[in-house]
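# Observations on the model geometry
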Amino acid sequence: MLNPVFSVNHMRHMTPLFYEVCHKLRAAIEARVQDGPAEVDMVGWMGRTALELMGQAGLGYSFDPLTADAADEFGEALKALMPTLAQGRGMHQYLPLYEAIVPPRWRRAVAERIPSPTLQRVMYLRDVVRRQSIKIYEEKKAALLKGDEALKMQVGEGKDLMSILLKANMEASEEDRLPEEELIGQMSTLTFAAMDTTSNALSLTLWRLAQSPAAQEKLRQEIFEAQEACVGGDVGFDDLVGLPYMDAVCRETLRLHVPAPFRFREAQRDIVLPLSEPVRGVDGKLMHQILVPKDTSVFVGIAASNTNKALWGDDAYEWKPERWLQPLPEAVMDAKIPGVYANLMTFWGGGRACIGFKFSQLEMKVVLAVLLSTFKFELSDKNVHWNLAGVMYPSVDREGNHPELPMKVTLLKRESARM
């Protein structure tokens, strides 16, 4: 149902919209550095931009004009959700037990009486997201009932993910139709997943480029050349996705830094898991396969696969975009890693692979093309800590209470920037 929304043809059609949002981002940052280099919290701006891109292209809704100094309540709630959950220190592991003991109709009332500031904060953030999701859903549903002409007047012109999903659901038979509660939940999940992972992946990319000025300059010159070929305008979809060093920078960042590093799966039946290499058990015997009983929870180490020295070489833990400009090691190719993207597990694989990985890739490349052709990014004098959570996020405080990525941003003089 949703695959056409994330197809290459649809991404090509949505590229001008992506640029429109990113031009607003550029203007907002430029207004803050026009008098000279200034410190800018880039993770905040990346989050707001990712939300607006997902809003317009995914939901047909505009969340943020990217002009104010702070995001709206909905954007702030989405960005605060993962750091707040991380402060729970494993509290989520008790959720299955809670659901098994407390009847559904009592769960909210009981939870409100649990003296946990983190839990109360999570419930507040959940309420903010739900209120906004219901509002968007009702507006979209009303436009659908008015017909196609009303949809064309909305952001996204009715070609956004939510319009397609709602329209298909309304046309489905009674037994196949999803309840409204599930549609609203799906909308909240898709918005959060698309916003937090890609915005933090972009933050990681800018952080890495600030650490490697030579790589940043090389990418900038590639962008300049592509823009000149387009007579100084925005680089079109096909040319943008074809930029080799841009692609290498994105791939290498997503290889070394998995934005969502935790993946848990539960075995639906008894299964024998083959091993790529034998391991020695506690009894001293070599094992070539492992029995995984039904209902076993399995943690999949995506980062371990992406940085396996046996596959990627001794420099597997180093950020080297150049590795993607030459043939990959034979060990990588022979491993037949089942990921949907670049021999990596970053976007997962199989039937539950990330449906929006092409959306995410286009978003990263458009944002980088617009920002790097306008600004130079350097590290600030503040130490940045990357916090391991459901979605990795940066902070200045060691406790990770507040997502923040301060960077020194300088407005480029275009002619002097060309080498």
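Described below are features of the structure shown in this document. (Residues numbered from 1 in each chain as written. Predicted model: local features only at pLDDT ≥ 70, side-chain atom pairs only at ≥ 80, totals over all residues. Heavy atoms only, no water.)

## Side note on unusual backbone geometry
For leucine 66, which is not glycine, the phi dihedral falls at a positive 60 degrees. Tracing the backbone through its elements, the reader meets leucine 66 in the loop between helix H2 (42-59) and helix H3 (73-86). The exposure class of leucine 66 is buried, given its relative accessible area of 2%. Although it is not a glycine, alanine 342 sits at a positive phi angle of roughly 55 degrees. Locating alanine 342 in the fold gives a position in the loop between strand E6 (339-341) and strand E7 (344-349). (Helix = DSSP H or I, 4+ residues; strand = E, 2+ residues; numbered from the N terminus. Buried < 20%, exposed > 50% of the residue type's maximum accessible area, 1.4 Å probe, protein only.)

## Some points on the packing of helix H9 (residues 180-211) against helix H16 (residues 357-372)
Where H9 contacts H16, the two axes come as close as 10 Å, and the packing angle between them is 40 degrees. Taken as axis vectors, H9 and H16 run oblique relative to one another. When you trace H9 past H16, the crossing you get is right-handed. Residues Thr198, Ala201, Leu202, Thr205, Leu206 and Leu209 of H9 touch H16, and the partners they reach there are Ser360, Glu363, Met364, Val367, Leu368, Leu371 and Leu372. (Axes fitted to C-alpha atoms, helices over the stretch in contact; angles between N-to-C directions. Parallel < 35°, antiparallel > 145°, perpendicular 65-115°, else oblique. Left-handed = near helix turned anticlockwise from the far one by under 90°. Contact = heavy atoms within 4.5 Å.)

## A look at the pattern of salt bridges
Counted according to the given criterion, the structure contains 22 salt bridges. A salt bridge links aspartate 196 to lysine 79; the shortest N-O distance between them is 3.1 Å. Taken together, the positions of aspartate 196 in helix H9 and lysine 79 in helix H3 put the pair 117 residues apart, joining distant regions of the chain. Take aspartate 196: its relative accessible area is 1%, and that puts it in the buried class. (Salt bridge = Lys/Arg side-chain N within 4 Å of Asp/Glu carboxyl O.)

## Observations regarding a nonpolar patch on the surface
Together, Phe262, Phe264, Phe299 and Leu388 line one region of the surface with nonpolar side chains, adding up to about 430 Å² of accessible area. Along the polypeptide, leucine 388 turns up in the loop between strand E9 (385-387) and strand E10 (393-395). Judged by its relative accessible area of 57%, leucine 388 falls in the exposed class. (Patch = residues over 30% accessible without salt bridge, like charges linked within 9 Å, V, L, I, M, F, W, Y side chains within 5 Å. Areas by Shrake-Rupley, 256 points an atom, 1.4 Å probe, with all protein chains shown as cover.)

## Side note on the packing of aromatic side chains
Under the counting rule described, the total for this entry stands at 11 aromatic pairs. Look at tyrosine 341 and phenylalanine 357: their rings are 6.4 Å apart centre to centre, the planes differ by 55 degrees, and that puts the pair in the tilted class. Residue tyrosine 341 is found in strand E6, and its partner phenylalanine 357 is found in helix H16; the two are separated by 16 residues along the sequence. With respect to class, tyrosine 341 is no different from phenylalanine 357; both count as buried. Consider the rings of phenylalanine 375 and phenylalanine 377, whose centres lie 6.3 Å apart with planes at 70 degrees: the pair is edge-to-face. For phenylalanine 377, a relative accessible area of 2% corresponds to the buried category. Following the ring pairs from residue to residue traces out a cluster consisting of Tyr61, Phe63 and Phe74. The ring of tryptophan 312 is capped by arginine 255, whose NZ or CZ atom sits 5.5 Å from the centre of that ring. (Phe/Tyr/Trp six-rings, centres within 6.5 Å; stacked < 30°, edge-to-face > 60°. Lys NZ or Arg CZ within 6 Å of the ring centre and 35° of its normal.)

Geometric values such as these leave the question of function open.
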